[in-house]
Amino acid sequence: ALRAERLHATDITSSSFRLVWPRLLRQEGGYYSLEYGPGARAAGRSAQQLPAALGSLVLGGLAPETTYEVALTPESNVRYFPTLTTSVTTLPGKNRPWGQGDGSWLLPGDAGGENRMLE
């Protein structure tokens, strides 16, 4: 059963990607703690709490040709789950506005919560 418990990215563009993960908390409750940012620098990372029912998320407003380190920690009072990690490199090209109207969860690309584009 452990082989499915991984975090991976799909739908990668120059300014966004979709994270997909196993819904480990659907019975335990709790929440997911998401941290992501370019490279291994903890200082420039964004953090977000996500509901337990969520199993995928689009991160937008990202810089092209940049490798983002992503860590997703399932937070549960019932049992321990290890942190899931992955690294994702965005495609070359110009940024597009990150609200693409597909009904996905979209997060701003910076910790300040502003939707500004990264040059």
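Taking an unreviewed UniProt entry as the reference, the chain is identified by name as Fibronectin type-III domain-containing protein belonging to Chloebia gouldiae.

Chemist: Hey, could you run me through the overall build of the chain in this one?
Modeler: Tallying secondary structure elements over the chain gives 0 helices and 8 strands in all. Each helix (α) and strand (β) of the chain, taken in turn from the N terminus, gives the series β-β-β-β-β-β-β-β. For the chain, the proportion of its 119 residues judged to be buried stands at 39%. Pairs at least 24 residues apart make up 63% of the contacts formed inside the chain by residues separated by at least 6 positions. About 6800 Å² of surface is accessible on the chain, with carbon and sulfur atoms providing 49% of the total.

Chemist: What should I look at first to understand the side chain of Thr73 in this one?
Modeler: If you trace the backbone, Thr73 turns up in strand β6 (residues 67–75). Within the structure, the side chain of Thr73 is placed 2.9 Å from the side chain of Thr83, a separation counted as a polar contact. The residues contacting Thr73, other than those within four sequence positions of it, are Tyr31, Tyr32, Ser33 and Thr83.

Analysis parameters
- Residues numbered from 1 in each chain as written.
- Predicted model: local features only at pLDDT ≥ 70, side-chain atom pairs only at ≥ 80, totals over all residues.
- Heavy atoms only, no water.
- Helix = DSSP H or I, 4+ residues; strand = E, 2+ residues; numbered from the N terminus.
- Buried < 20%, exposed > 50% of the residue type's maximum accessible area, 1.4 Å probe, protein only.
- Contact = heavy atoms within 4.5 Å.
- Areas by Shrake-Rupley, 256 points an atom, 1.4 Å probe, with all protein chains shown as cover.
- Polar contact = N/O pair within 3.5 Å; in protein donor to acceptor, adjacent residues only side chain to side chain.

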